[in-house]
Amino acid sequence: MQTLAIAFMSAVTLGGLAWVFLYPLLSGERKAEKRRESFARPEPTRRLDRSQQRSRREQVEETLKEVEQRHKKAKNVQISTRITQAGLDITKQQFMVGSGALGLFAFLVTYLAHAGLIPALVFGLAAGLGLPRWVLSFLKKRREAKFIDALPDAVDIIVRGIKAGLPLFDSLKVVTADAPEPLRSEFRAIIETQSIGMPLGEACQKLYERMPLPEANFFGIVIAIQTKSGGNLSEALGNLSKVLRERKKMKAKIQAMSMEAKASAAIIGSLPPLVMLMVYIMSPDYISLLWTHPTGRLMLAGCAVWMTTGIFVMKKMINFDF
């Protein structure tokens, strides 16, 4: 039995060694593996000359660089551009004359009220330089809010027109016929700019100069990239519409979350004038020194400056950019 066991174990060992080393050579499995490796080995590809053919990625990068340069230039806008962004039909000269007249009127009213020369100068400068620009900023923000509300629907109209077989230019014409202001006038400006010979991509990118919003910038980027490198425009604009609607939801959520801080800032900013008014009602002689005595006038002007600075700081703290 011991001899049989040793013979069996030896036979199994020899069979295993033969299966591992001799069977691949005899069956041709080794040659098949080498043949599969030769077919699977990647062949070196020729590199194309960049001066002859530019990739789509390079075109997209160039478009984004152009957008960044325009964004840097848009930070330093002139008064005439700000007037256009506010939607006013006045010239720069008319705006400057109106600002000077308003500042002179405020100076004369304050000086004739025996408030002193320095407070009159402060109020005159604030009325002539600050108030008109604040009005421009207010009108600009109100116009931008209307534009943002109507832009997703306009993009959806363009997407449906492209899917129906209309060219992009005709789809933009449909928007100018049905969209509300100021979206109608802005898209009409794109069509007029393209009609005089400017490419449609550049005409859409000009929208950001008249309406400096990230949403308008997104729209110009999508159109510019599609005109340069091609692609599925309806899909790209459909994704843009989704992004615009999600940004609108995010903005509303941020406003709801920051409403408590805004209410606190409004209460803190309104407390000093309200306390001053109540003291004046209860004891006029006690607080009248602030505008009858020269030192009191100076203190009142300083308090106004510091209160204005505090209000602007609080406004900066509770406004969130996204």
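Within each chain, residue numbers correspond to sequence positions counted from 1 in written order. It should be noted that, the model being predicted, local features are given only for residues of pLDDT at least 70 and side-chain atom pairs only at 80 or more, the latter also being counted only at that level, while totals for whole chains, interfaces and linings use all residues. Heavy atoms throughout the structure, all of them, feed into the side-chain values; hydrogens and water do not.

Asks: Before we move on, can you summarise the layout of surface pockets with the specific residues and values?
Replies: Grid points spaced at 1 Å and placed over the protein atoms alone form the basis of the search, with a cavity being a set where a 1.4 Å probe fits but cannot get out and a pocket an open set showing protein on both sides within 12 Å along at least five of seven lines. Lining residues have an atom within 4 Å of a point. Grid points are joined across faces, edges and corners, and a volume is the space filled by probe spheres set on the points. Of the pockets and cavities examined, the second largest pocket occupies roughly 260 Å³. Forming the walls of the second largest pocket are Pro272, Pro273, Met276, Ile287, Leu290, Leu300, Cys303, Ala304 and Met307. Secondary structure elements are defined from DSSP: runs of H or I of at least 4 residues count as helices, runs of E of at least 2 residues count as strands, and each element is numbered from the N terminus. Contributions of two or more residues to the lining of the second largest pocket are made by helix H14 (259–282) and helix H17 (294–318). It is H17 that contributes the most residues to the lining of the second largest pocket, four residues altogether. In this classification, the charged set is Asp, Glu, Lys and Arg, the nonpolar set is Ala, Val, Leu, Ile, Met, Phe, Trp, Tyr, Cys and Pro, and all remaining amino acids, among them Gly, are polar. Split into classes, the residues belonging to the lining of the second largest pocket amount to nine nonpolar, no polar and no charged.

Asks: Report on the packing of aromatic side chains, specifying residues and quantitative values.
Replies: Only centres within 6.5 Å qualify two rings of Phe, Tyr or Trp (six-membered ring in Trp) as a pair; their planes then separate them into stacked at under 30 degrees, edge-to-face at over 60, and tilted for everything else. Applying the stated criterion across every chain yields a total of four aromatic pairs. Ring centres 6.0 Å apart and planes at 15° place the aromatic pair phenylalanine 107 and tyrosine 111 in the stacked group. Within this pair, phenylalanine 107 and its partner tyrosine 111 are both found in helix H6 (residues 92–112), separated by four residues, close to a single helical turn. Three exposure classes are used, based on accessible area relative to the maximum for each residue type with a 1.4 Å probe and protein chains only: buried under 20%, partly exposed in between, and exposed over 50%. Exposure remark for tyrosine 111: the relative accessible area of 43% places this residue in the partly exposed category.

Asks: Hey, could you go over the packing of helix H7 (residues 117–163) against helix H12 (residues 214–229) for me, with residue numbers and the actual values?
Replies: Whenever a helix is involved, its axis is fitted only over the stretch in contact; in every case the axis is a line through C-alpha atoms, and angles between N-to-C directions fall within 0 to 180 degrees. Direction vectors running N to C along H7 and H12 enclose 20°, while the axes themselves pass 10 Å from each other. When the interaxial angle is binned, H7 and H12 end up roughly parallel. As for the relative orientation of H7 and H12, their crossing is left-handed in sense. Contacts between H7 and H12 pair Phe147, Ile148, Leu151, Val155 and Ile158 from the former with Glu215, Ala216 and Phe219 from the latter. Looking at the contact of H7 with H12 residue by residue, the classes come out as seven nonpolar, no polar and one charged. Roughly parallel here means an angle under 35 degrees, roughly antiparallel means over 145, roughly perpendicular means 65 to 115, and every remaining angle is called oblique. Should the near helix be turned counterclockwise from the far one by less than a right angle, the crossing is left-handed, whereas a clockwise turn marks it as right-handed. Working rule for contacts: check all heavy atoms of both residues, and any pair within 4.5 Å makes them a contact.

Asks: Tell me about the side chain of threonine 193, and please be specific about residues and values.
Replies: Residue placement: threonine 193 occurs in helix H9 (residues 183–195). When near neighbours in sequence (up to four residues on either side) are disregarded, threonine 193 contacts Met198 and Ala203.

Asks: How would you summarise the pattern of salt bridges if you had to cite specific residues and measurements?
Replies: A carboxyl oxygen of Asp or Glu within 4 Å of a side-chain nitrogen of Lys or Arg is what we treat as a salt bridge. Enumeration over the complete set of coordinates arrives at eight salt bridges. A salt bridge links glutamate 144 to lysine 140, with the shortest nitrogen-to-oxygen separation between them at 2.8 Å. Here the residue glutamate 144 and the residue lysine 140 both occupy positions in helix H7, the gap between them amounting to four residues, near one helical turn. The residue arginine 245 makes a salt bridge to aspartate 153 at a minimum N-O spacing of 2.9 Å. Taken together, the residues arginine 245 in helix H13 (residues 233–257) and aspartate 153 in helix H7 connect sequence positions 92 residues apart. The class for aspartate 153 is partly exposed, based on a relative accessible area of 42%. When salt bridges that share partners are traced, they join Arg143, Glu186 and Arg210 into one network.

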